[in-house]
Amino acid sequence: MKQAEDVECAVEAGANAVGFVLTESPRQVRVADVDLLVDLVPPGVLVVGVFQGMPIAQVRAIVAGSRIQAVQLHGGYAQADFAELKDLPVQLIRATSFDDGEQAQVGSHGEDYLILDSKHAGSGQTWDWSPLARTTVAGQWMLAGGLTPENVAEAIAATRPWGVDVSSGVESTRGVKDTGRIREFLAAARFCAG
Ligand SMILES: O=C(O)c1ccccc1NCC(=O)[C@H](O)[C@H](O)COP(=O)(O)O
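Below or above, wherever it landed, is the structure these notes cover. Values in this document were obtained by computation on a predicted structure and should not be read as measured data.

Some thoughts on the nonpolar core
So, step 1. With 50 residues, the main nonpolar core has F20 and V71 as its most contacted residues.
So, step 2. No other element matches helix α7 (residues 179-193), which puts 5 residues into this core.
So, step 3. The residues touching F20, leaving out its near neighbours within four places in the chain, are M1, V29, V34, L37, V48, G49 and V50.

Written out as structure tokens, the structure is:
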């Protein structure tokens, strides 16, 4: 999220977490801006910093000097990278793509949460979730990748995730969030959660 009104909308609509992309992207936010936006996030809603391809020492330096409460690492971060952050007072989220037959395991890299995503983070591309319907992934894992207000209920019913994560599906154009779609997405997802 980049705009105050988007953060406020997500919080009001019942999001459990809000994410800030700190990696090169049309959605990138400066660390200083995250610090301002965090003031809009009440206790109980997790403030997530999203990273990809950044050396772990740099991730660590950014996180240590911020009010980020959880670090979401996309792509090829190794177990050793997660270990580098273990002493920080943050939760760790590992985001990876899922291939049929793979043993997806929450915590295998030392993470607290796992995101099963498309091969292209933040692209809005859907992927074949059907193998997940035949697999039990234990623990706190989230489905992501091409979710929208229109398909999130079906995706939850098919894969039974612990949570869901969305970016493109609640935008009007790439990098521009749409508060109406944020509300619609959260209403649909929360309805499924019961
Ligand atoms: O959003 C980005 O530009 C981005 C860049 C680099 C790493 C991660 C990024 N975003 C992550 C996400 O938006 C979500 O966690 C996830 O990939 C789902 O994205 P989407 O398919 O757009 O809903």
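Digging into the site of the ligand
So, step 1. Around the ligand, a shell composed of 23 residues is seen, among which S25, A121, G122, S167 and S168 lie nearest.
So, step 2. Counted by class, the shell around the ligand contains 7 nonpolar, 13 polar and 3 charged residues.

Focus: the sheet that holds strand β6 (residues 141-143)
So, step 1. Here we have 7 strands laid out as an open sheet, ordered β1-β2-β3-β4-β5-β6-β7, and parallel in their pairing. Each edge of the open sheet carries a strand with a single partner, namely β1 (17-21) and β7 (163-164).
So, step 2. With 5 bridges joining them, strand β4 (residues 91-97) and strand β5 (residues 113-117) adopt parallel strand pairing. The residue bridging T96 from the neighbouring strand is L116, located in β5.

Thoughts on the packing of helix α1 (residues 4-12) against α7
To describe two helices that pack against each other, one gives the angle between their axes and the distance between the axes.
So, step 1. At a minimum axis separation of 9 Å, α1 and α7 run at an interaxial angle of 20°. On the basis of their axis angle, the class for α1 and α7 is roughly parallel. In the packing of α1 onto α7, the handedness of the crossing is right-handed. Taking contact as the criterion, the partners of E5, D6, C9 and A10 in α1 are, on α7, T179, I182 and R183.
So, step 2. For the contact of α1 with α7, a count of residues per class yields 3 nonpolar, 1 polar and 3 charged.

Things to note about the environment of A17
So, step 1. Note that A17 resides in strand β1.
So, step 2. The spacing of A17 and M54 is 37 residues in sequence and 22 Å in space, taken between C-alpha atoms.
So, step 3. Those residues in contact with A17 that sit more than four places away from it in its chain are V45, L46 and V48.

Analysis parameters
Numbering of residues starts from 1 in every chain and runs along the sequence as written. Only residues with pLDDT of at least 70 are given local features in this predicted model, and only at 80 or more are side-chain atom pairs given and counted; all residues enter the totals for whole chains, interfaces and linings. The nonpolar core criterion groups buried Ala, Val, Leu, Ile, Met, Phe, Trp, Tyr and Cys residues into a set whenever they are joined through C-beta atoms within 7 Å. Three exposure classes are used, based on other C-beta atoms lying within 10 Å of a residue's own C-beta, which is placed from the backbone: buried for 20 or more, exposed for 12 or fewer, and partly exposed in between. The secondary structure listing takes helices from DSSP runs of H or I that are at least 4 residues long and strands from runs of E that are at least 2 residues long, numbered from the N terminus. Think of it this way: build a C-beta for each residue from its backbone, and any pair within 7 Å is a contact. Think of it this way: take the backbone, place a C-beta atom on it, and check whether that atom is within 6 Å of the molecule or strand, in which case the residue is near it. Each residue receives one of three labels: charged for Asp, Glu, Lys and Arg, nonpolar for Ala, Val, Leu, Ile, Met, Phe, Trp, Tyr, Cys and Pro, and polar for the others, Gly being one of them. Only when DSSP finds a minimum of two bridges between them are two strands counted as paired. Interaxial angles span 0 to 180 degrees and are taken between N-to-C directions of axes, which are lines fitted to C-alpha atoms, for helices over the stretch in contact. For classification purposes, an angle smaller than 35 degrees is called roughly parallel, one larger than 145 roughly antiparallel, one from 65 to 115 roughly perpendicular, and anything else oblique. With the far helix as reference, a near helix turned anticlockwise by less than a right angle produces a left-handed crossing, and one turned clockwise produces a right-handed crossing.

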